[in-house]
Amino acid sequence: MSQATSRSRRSVIRRGEAASGWLFTAPVILLLGVFLVIPVLMALWVSFSDWGGRGSPFSSDVNFVGLKNYSTLLAGGGLAEQDFGMSLKNNAWYVVLVVPIQTAVSLFLAVMVNRAILRGRGFFRTAFYFPSVTSSVAITVLWLFLFSTSGAVNQVLAWFGINGPNWFNDPNGIIHNFLGLFGITTGPAALTQNTLLGVSWWDWLGGPSVAMTAYIVMAVFTTSGTFMLLFIAALQNLGGDVTEAAMMDGANGWQRFWRITLPQLRPTLFTVLTLGLIGCWQVFDQIYTGSKGAPSKTTLTPAYLSYQTSFGNQEWGQGAAIAFILFVIIVLFTIFQRWVLRERAVSKRRMRPYEAVALASALPGDSSGSAAKGGLR
């Protein structure tokens, strides 16, 4: 009888705790539902409709058009498909260059600043982080000044006898410019005549334009400080026992970093890569403040194209479709990145030397040393 009573009391307590939990989380759930879930669902409906931006998107005048907006962007064969393909090409090169460079630079800065022998570490941390807290609009305006035709960057290049480019007005791809040094100005027919999303494969492989390259440098400059702090926090939480053991075994600095420190930074590395990937695919304010897609749409990005299509051309369905295609791209890249950085089991080939050492240590007498040496060869 007493057991049944105690069970009923525990169930009542659990129900009370559950009710209290829902009560405390209700405001957050309500806010997320009103300002996040409902707007996303409304935007999803707009991407499947012909809403023109006036009145309610749920009015009787708005018609369901199915996948028409998506097919126009992906297989329409017109200007909308070409613009979308160009924006994807520009942003893809932006991601390919910015994400690994900013990750490597931020990790390098974190390792350097985290060293105990470095004097003035607080100053360097603040100096490296300062661009990250500066307004992106202000940084973009500064970049337009520095990379102008007669700007400071070209002045410095002139000291070395280099005639700097007209950065934000040069639509040529940097790979095309490099090939032009060897007299290669056009690609084979297989690349120039075949297209993907209205853009030839020759242009897809041409690299970012000179103008987009300036934005790439700016992105690395402004974001490396933020990710540096994440790596510093992770480095300060690492235990020193394994590193000291590796030093006793004769491992040099690079071996300790590559074999011990970097594997322990995998969670932070995944966070940095994911945040960098999302931020790079959503780049908007720099393009809006700077070039607005010029020159020749070589700085056009999907985020800015979505804004321009919706607010400029009043094609709200296509603008919403661009946003959701971009969402799918980000999710797929995040999943792939998670798969690449997943924890992997040690292969049998790599485990054999350690198994031989363990077996040798269990053997009696002097034979343990010879067996250990034989297992590690």
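Student: Just to check I follow, could you spell out the overall build of the chain for this structure?
Tutor: A tally of regular secondary structure across the chain gives 18 helices and two strands. Of all 377 residues assigned to the chain, the portion counted as buried reaches 33%. In the chain, the proportion of contacts linking residues at least 24 apart, taken out of those at least 6 apart, comes to 66%. Of the accessible surface of the chain, which amounts to about 23,000 Å², a share of 66% is contributed by carbon and sulfur atoms.

Student: What should I look at first to understand the side chain of Asn 69 in this one?
Tutor: By secondary structure assignment, the location of Asn 69 is in helix H2 (residues 68-75). When neighbours within four sequence positions are excluded, Asn 69 is seen to be in contact with Val 46, Ser 47, Phe 48, Ser 49, Gly 317, Gln 318 and Ala 321.

Student: Mind showing me how you'd approach the environment of Leu 275 here?
Tutor: Considering the arrangement of structural elements, one finds Leu 275 in helix H13 (residues 266-281). Classification of Leu 275 as partly exposed rests on a relative accessible area of 44%. Separated by 59 residues in sequence, Leu 275 and Thr 334 place their C-alpha atoms 9.5 Å apart.

Student: For this particular structure, what's the right way to read the nonpolar core?
Tutor: The nonpolar side chains of soluble globular proteins are, as a tendency, buried together. Phe 84, Tyr 94 and Trp 281 are the most contacted members of the largest nonpolar core, which has 57 residues in total. Counting residues per element, the ones that place at least two in this core are H2, helix H3 (79-113), helix H5 (136-146), helix H10 (210-236), helix H12 (253-264), H13, helix H15 (302-312) and helix H16 (316-340). No other element matches H10, which puts 13 residues into this core. Residues Trp 51, Val 62, Trp 316 and Ala 320 belong to the second largest nonpolar core, which totals five residues.

Student: Even after reading the chapter, I still don't get the packing of helix H4 (residues 121-133) against H10, so can you show me in this structure?
Tutor: Between two packed helices, both the angle of their axes relative to each other and the distance between the axes serve to describe the pair. The interhelical angle for the contact between H4 and H10, taken along N-to-C directions, is 130°, at an axis separation of 5 Å. As the angle between them shows, H4 and H10 are arranged oblique. As for how H4 packs across H10, the hand of that crossing is left-handed. Within the contact between the two elements, H4 uses Arg 125, Phe 128, Tyr 129, Pro 131 and Ser 132 and H10 uses Phe 221, Thr 222, Thr 223, Gly 225, Thr 226, Met 228, Leu 229, Ile 232 and Gln 236. Residue composition of the contact of H4 with H10, grouped by class: seven nonpolar, six polar and one charged.

Student: Would you explain the packing of aromatic side chains in this entry?
Tutor: In this description, an aromatic ring pair is defined by two values, namely the gap between the centres and the angle between the planes. The final tally for this structure, using the stated rule, is 21 aromatic pairs. Between Trp 51 and Trp 316 the ring centres are 5.5 Å apart and the planes differ by 50°, which places this aromatic pair in the tilted class. With a gap of 265 residues between them, Trp 51 in the loop between helix H1 (2-47) and H2 and Trp 316 in helix H16 connect regions that are remote in the sequence. Judged on exposure class, the residue Trp 51 and its partner Trp 316 are both buried. On the numbers, 5.7 Å between centres and 20° between planes, the contact of Phe 284 with Tyr 288 is stacked. For Tyr 288, a relative accessible area of 36% puts it in the partly exposed group. Note that Lys 292 overlies the ring of Tyr 288, its terminal NZ or CZ placed 4.8 Å from the centroid. Here the guanidinium or amino end of Arg 338 rests over the ring plane of Phe 270, the centre of that ring lying 4.8 Å away.

Student: Explanation requested: unusual backbone geometry in the structure shown.
Tutor: Excluding glycine, residues mostly have negative phi values, and the peptide bonds linking residues are mostly trans. Of note, the amide linkage connecting Ala 294 to Pro 295 takes the cis form, showing an omega dihedral of 0°. Residue position: Pro 295 is located in the loop between helix H14 (285-289) and H15.

Student: Which parts of the structure should I look at to understand the pattern of salt bridges?
Tutor: Opposite charge on two side chains permits pairing when their charged atoms draw close. Evaluation of the coordinates by the stated rule reveals one salt bridge. For Lys 297, the salt bridge identified is with Asp 83, shortest N-O distance 2.8 Å. One end of the pair, Lys 297, is in the loop between H14 and H15; the other, Asp 83, is in helix H3, with 214 residues separating them in the sequence.

Student: Could you clarify how one ought to interpret the packing of H2 against H16 in this entry?
Tutor: With their axes 9 Å apart at the nearest point, H2 and H16 run at an angle of 70° to one another. Taken as axis vectors, H2 and H16 run roughly perpendicular relative to one another. Contacts between H2 and H16 involve Asn 69, Tyr 70, Thr 72, Leu 73 and Leu 74 from the first element and Gly 317, Gln 318, Ala 321, Ile 322, Phe 324 and Ile 325 from the second. Here the residues of the contact of H2 with H16 sort into seven nonpolar, four polar and no charged.

Criteria and cut-off values
Residues numbered from 1 in each chain as written. Predicted model: local features only at pLDDT ≥ 70, side-chain atom pairs only at ≥ 80, totals over all residues. Heavy atoms only, no water. Helix = DSSP H or I, 4+ residues; strand = E, 2+ residues; numbered from the N terminus. Buried < 20%, exposed > 50% of the residue type's maximum accessible area, 1.4 Å probe, protein only. Contact = heavy atoms within 4.5 Å. Areas by Shrake-Rupley, 256 points an atom, 1.4 Å probe, with all protein chains shown as cover. Core = buried A, V, L, I, M, F, W, Y, C linked by side-chain atoms within 4.5 Å. Axes fitted to C-alpha atoms, helices over the stretch in contact; angles between N-to-C directions. Parallel < 35°, antiparallel > 145°, perpendicular 65-115°, else oblique. Left-handed = near helix turned anticlockwise from the far one by under 90°. Nonpolar A, V, L, I, M, F, W, Y, C, P; charged D, E, K, R; others polar. Phe/Tyr/Trp six-rings, centres within 6.5 Å; stacked < 30°, edge-to-face > 60°. Lys NZ or Arg CZ within 6 Å of the ring centre and 35° of its normal. Salt bridge = Lys/Arg side-chain N within 4 Å of Asp/Glu carboxyl O.

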